[in-house]
Amino acid sequence: MADRSLRGIRLGASSLQSEEGVVFHERTNHTYVCTQCDRESVLTFAADAEVPEAWECRTCGGEALLRVGDTVAEVDHSGDKAPRTHWDMLMERRTIPELEELLEERLALLRERRGAAKLSA
């Protein structure tokens, strides 16, 4: 019974829903210009949506800025945080002399193990 109910339908190929009676929301197009490759991208947003000033370029992945009239929007990056590296996080917890002391302890332990391994061989 179940296999007869799917007869004549290509699964995933087309939707059985129609757009009849559907009212689409108002849309606006906005142009973004890439700062690296100068490519223009036109993106569609809802009319009442807050449009971002910067977008990722579809071609090169660089920063594309919103075109407002004949100029492009200026984005303030002063509040952006630089990514913290492992070294930065380590330096928050330890000082250089502490790190040197830990290194010497670990090297001594490794040398001791290697010496014991050479004696047993």
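Structural notes, computed from the coordinates. Within each chain, residue numbers correspond to sequence positions counted from 1 in written order. Only residues with pLDDT of 70 or above have their local features reported here, since the model is predicted, and side-chain atom pairs are shown and tallied only from 80 upward, although totals for entire chains, interfaces and linings are computed over all residues. Side-chain numbers here rest on the full set of heavy atoms in the structure, without hydrogens or water.

### Re the packing of aromatic side chains
For any pair of aromatic rings, the description rests on two quantities: the centre-to-centre distance and the angle between the ring planes. Ring geometry is summarised as follows: Phe, Tyr and Trp rings, the Trp one being its six-membered ring, pair when their centres sit within 6.5 Å, and such pairs are stacked at plane angles under 30 degrees, edge-to-face over 60 and tilted between the two. Within this structure, the stated rule accounts for three aromatic pairs. Ring plane angle 40° and centroid distance 6.1 Å describe the contact between Tyr32 and Trp55, whose orientation is recorded as tilted. Within this pair, whereas Tyr32 is found in strand E1 (residues 27–34), its partner Trp55 is found in strand E3 (residues 54–56), the two being separated by 23 residues in sequence. Residues Phe45 and Trp55 carry aromatic rings whose centres are separated by 5.6 Å and whose planes lie at 85° to one another, so their mutual orientation is edge-to-face. Of this pair, Phe45 sits in strand E2 (residues 40–46) while Trp55 is found in strand E3, placing the two residues 10 residues apart along the sequence. In this scheme, a residue with accessible area under 20% of its type's maximum is buried, one over 50% is exposed, and one in between is partly exposed, where area comes from a 1.4 Å probe on protein chains only. Take Trp55: its relative accessible area is 37%, and that puts it in the partly exposed class. Here the aromatic cluster, defined as three or more aromatic residues joined through ring pairs, consists of Tyr32, Phe45 and Trp55. Each helix is a run of H or I in the DSSP string that is no shorter than four residues. Each strand is a run of E no shorter than two, and both are numbered from the N terminus.

### Some remarks on the nonpolar core
Core analysis: the biggest nonpolar cluster contains eight residues, these being Tyr32, Cys34, Leu43, Phe45, Cys57, Ala64, Leu66 and Ala73. Of all the secondary structure elements, the ones that give two or more residues to this core are E1, E2 and strand E4 (63–68). Here a residue-residue contact requires only that any non-hydrogen atoms of the pair lie within 4.5 Å. Among all residues touching Cys57, those that are not within four sequence positions of it are Cys34, Cys37, Gly62 and Ala64. In these notes, a set of buried Ala, Val, Leu, Ile, Met, Phe, Trp, Tyr and Cys residues joined through side-chain atoms within 4.5 Å is what counts as a nonpolar core.

### Thoughts on the pattern of salt bridges
A side chain with one charge can pair with a side chain of the opposite charge if their charged atoms come near. Should a side-chain nitrogen of Lys or Arg be within 4 Å of a carboxyl oxygen of Asp or Glu, the pair is scored as a salt bridge. This structure, assessed with the given rule, holds two salt bridges. A salt bridge links Arg67 to Glu40; the nearest nitrogen and oxygen atoms lie 2.7 Å apart. Separated by 27 residues along the polypeptide, Arg67 in strand E4 and Glu40 in strand E2 bring together distant segments of the chain. A relative accessible area of 33% places Arg67 in the partly exposed class. Residue class for Glu40 comes out partly exposed when judged on its relative accessible area of 44%. Between Glu92 and Arg84 there is a salt bridge, with the nearest N and O atoms lying 3.8 Å from each other. Neither Glu92 nor Arg84 differs from the other in exposure class; each is exposed.

### With respect to the pairing of E4
Summarising the sheet, E1 and E4 pair through three bridges and their orientation is antiparallel. Bridge pairing in E4 links Tyr32 to Leu66. We treat two strands as partners when DSSP finds at least two bridges between them. Inspection of the sheet shows E3 paired to E4 by three bridges, in the antiparallel sense. Within E4, the residue paired with Trp55 across the bridge is Ala64. If you look at the hairpin formed by E3 and E4, you'll find six residues sitting between the two strands, and Gly61 has a positive phi there, around 85°. Looking at chain direction, E4 and strand E5 (residues 71–72) are connected through two bridges and run antiparallel. When the bridges of E5 are listed, Arg67 appears paired with Val72. Hairpin connection between E4 and E5: a loop of two residues separates the two successive antiparallel strands, and Gly69 in this loop has a positive phi of roughly 70°.

By themselves these figures say nothing about function.
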